[in-house]
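Architecture at a glance
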Amino acid sequence: MRKTDIILLVEDDEVDILSAHRAFKELDIPNPLVVMKNGEEALKMLRNKDAQLPALIILDLNMPKVNGLEFLKTYKRDARLRWIPSVVLTTSANLNDITKAFDHQVAGYIVKPLDFHEFKVAIQKIFDYWRLCELPEIP
Amino acid sequence: MNSNNPILLVEDDQVDAMTVERAFRDLEINNELIHAVNGLDALDHLRDGSKEPSLILLDINMPRMNGIEFLRELKSNDRFKRIPVVVLTTSNDQKDKFETYDLGISGYMLKPIDYQAFVSLMREINNYWTLSEAPN
């Protein structure tokens, strides 16, 4: 992942959005973090041909309108979008959610730590891994 | 790693396979490392193995069945399609990157030549897949 690549966070909870921004800032993560508040908004952004596509999606599962699994199912059927890797970051440790998320080809499933310090450690590990990953050139 | 299940390495180069084994030892990753020498061999291991691997490390350029052909088989199989795959290759080809992500890989890493850099890479892979839940 290049420093200028966009990371898309799909998350409805205001506190979690603030935590993510704070973690990115404190960890000096250079990538721009774009936030969409549910699956419907995120799909709209991805389908807008004038908007730059993200290199990575960090995805909550429990959201109003289009939830995380519905969002995954939809964009993974779209030939223009399905290459984009998604990492689930959620409070749900439900086995059924985990299985379904991997059925829809998520590239990781992380249970969101409640404590901010641990949350930051999780974001650091996610970033360190994807920083090393090669991604296709974004059209 | 997030489970005690084995890790399947699909790699035709004997030296590269030994480097992965050595890095596992140095990082004290205790999962059993199963070595398949190409895609066909890997499918045989998956079908015969008693324990499903928790992660597959996949080279691309291999004889008989290459990494992309293997991914197509794996991802169209309902029993195996959830197993996360990390590509570990020397190929910097855009087409390989696009095709493998399109098929649902969970990461694409270029093999460093330097051993210490290789160990660092394996450390990050291990950290990430320890943090992540396992699909099975």
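Residues numbered from 1 in each chain as written. Chains lettered and ligands numbered in written order. Predicted model: local features only at pLDDT ≥ 70, side-chain atom pairs only at ≥ 80, totals over all residues. Heavy atoms only, no water.

1. Here we look at the overall build of chain B
Heads up, the rule is: Only DSSP runs of H or I with at least four residues qualify as helices, and only runs of E with at least two residues qualify as strands; both kinds are numbered from the N terminus onward. In this setup the radius of gyration rests on C-alpha atoms only. A globule is expected at 2.2 Å times the number of residues raised to 0.38. What makes two residues a contact is simply this: any of their non-hydrogen atoms within 4.5 Å.
Within chain B, the secondary structure is distributed over 5 helices and 5 strands. Each helix and strand of chain B, ordered N terminal to C terminal, gives the series β-α-β-α-β-α-β-α-β-α. Expected size for 136 residues packed as a compact globule is a radius of gyration near 14 Å; at 14 Å, chain B falls within 12% of this value. Structurally, chain B occupies a C-alpha span of about 35 × 30 × 25 Å along its principal axes. When contacts within chain B are restricted to residue pairs at least 6 apart in sequence, those whose partners lie at least 24 apart make up 69%.

2. Let's talk about the interface of chain A and chain B
Our working rule: By buried area we mean how much accessible surface two parts lose on assembly, using a 1.4 Å probe and totalling the loss over both. Here a salt bridge means any side-chain nitrogen of Lys or Arg lying within 4 Å of a carboxyl oxygen belonging to Asp or Glu. As used in this structure description, the phrase polar contact means that two N or O atoms lie within 3.5 Å; if the pair is within protein, one of them must be able to donate a hydrogen and the other to accept it, and residues adjacent in sequence are counted only when both atoms belong to side chains. Throughout, the ten residues Ala, Val, Leu, Ile, Met, Phe, Trp, Tyr, Cys and Pro are labelled nonpolar, Asp, Glu, Lys and Arg are labelled charged, and all others, Gly among them, are labelled polar.
On the side of chain B, 30 residues touch chain A, which itself brings 28 residues to the contact. Roughly 2600 Å² of surface becomes buried between chain A and chain B when both sides are summed, with 61% attributable to carbon and sulfur atoms. For chain A, the biggest contributors to the area lost against chain B are Phe102, Tyr129 and Glu134 of chain A; these three give 27% of the whole. For the interface between chain A and chain B, the tally reads 3 salt bridges. The salt bridge involving Asp102 of chain B is made with Arg82 of chain A; its shortest N-O contact spans 2.9 Å. At the junction of chain A and chain B, the tally comes to 14 residue pairs in polar contact (both at pLDDT 80 or more). Of all elements in the fold, only α4 (95-103), β5 (109-111) and α5 (116-132) of chain A reach the threshold of two or more residues within the side of chain A that touches chain B. Top element by residues in the side of chain A that touches chain B is α5 of chain A. It accounts for 7 residues. Its residues assigned to classes, the side of chain A that touches chain B comprises 19 nonpolar, 3 polar and 6 charged.

3. Structural notes on the pattern of salt bridges
To keep it simple, the criterion reads: Think of it in three bands: residues with accessible area under 20% of the maximum for their type are buried, residues over 50% are exposed, and the middle band is partly exposed, with areas taken using a 1.4 Å probe on protein chains only.
The full count for this structure, using the stated rule, is 17 salt bridges over all chains. Of the charged contacts in the structure, one is a salt bridge between Glu26 of chain A and Arg22 of chain A, with a shortest N-O distance of 3.0 Å. Taken together, the positions of Glu26 of chain A and Arg22 of chain A, both in helix α1 (residues 14-26) and 4 residues apart, correspond to about one turn of that helix. Among the residues examined, Arg22 of chain A registers a relative accessible area of 44% and is labelled partly exposed. Overlapping salt bridges, with partners in common, bring together Glu11, Asp16, Asp59 and Lys111 of chain B in one network.

4. Notes on the environment of Thr90 of chain A
Residues and elements named next belong to chain A. Tracing the sequence through the fold places Thr90 in strand β4 (residues 86-90). Residue classification places Thr90 among the buried residues on the basis of a relative accessible area of 0%. Along the chain, Thr90 and Asp5 lie 85 residues apart, while their C-alpha atoms are 23 Å from each other. If we skip the residues at most four places from it in the chain, Thr90 touches Asp60, Leu61, Asn62, Tyr109, Ile110, Val111 and Lys112. Within polar-contact distance, the side chain of Thr90 engages the backbone nitrogen of Ser92 at 3.1 Å.

5. Overview of the sheet that holds strand β3 (residues 55-58) of chain B
Residues and elements named next belong to chain B. Cut-off, in case you're wondering: Note: two strands are recorded as paired if DSSP finds a minimum of 2 bridges between them. Structural elements are reduced to axes, namely lines fitted to C-alpha atoms, with helices fitted over the stretch in contact, and the angle between N-to-C directions of any two is expressed from 0 to 180 degrees.
Taken together, 5 strands build an open sheet; the order of strands is β2-β1-β3-β4-β5 and the sheet is parallel. Lying at the two open borders of the sheet, with one neighbouring strand each, are β2 (33-36) and β5 (108-110). On average, each strand axis in the sheet is tilted by 20 degrees relative to the strand beside it, whichever way the strands run. Pairing between strand β1 (residues 7-10) and β2: 4 bridges, direction parallel. Residue pairing across strands places Leu9 opposite His35, the latter belonging to β2. In the packing of helix α3 (residues 67-75) onto the sheet, the strands contacted are β3 and β4 (85-89), and the crossing angle to β3 comes to about 155 degrees.

6. Looking at the layout of surface pockets
Stated precisely, the cut-off is as follows: Lining residues are those with an atom within 4 Å of a point, where the points come from a 1 Å grid over the protein atoms alone and group into cavities, where a 1.4 Å probe fits but cannot get out, or pockets, open sets with protein on both sides within 12 Å along at least five of seven lines. Grid points are joined across faces, edges and corners, and a volume is the space filled by probe spheres set on the points.
Counted as a void, the largest pocket has a volume near 180 Å³. The wall of the largest pocket is formed by Lys76, Arg82, Asp103, His104 and Gln105 of chain A together with Lys75, Asp102, Leu103 and Gly104 of chain B. Grouping the amino acids of the lining of the largest pocket by side-chain chemistry returns 1 nonpolar, 3 polar and 5 charged.

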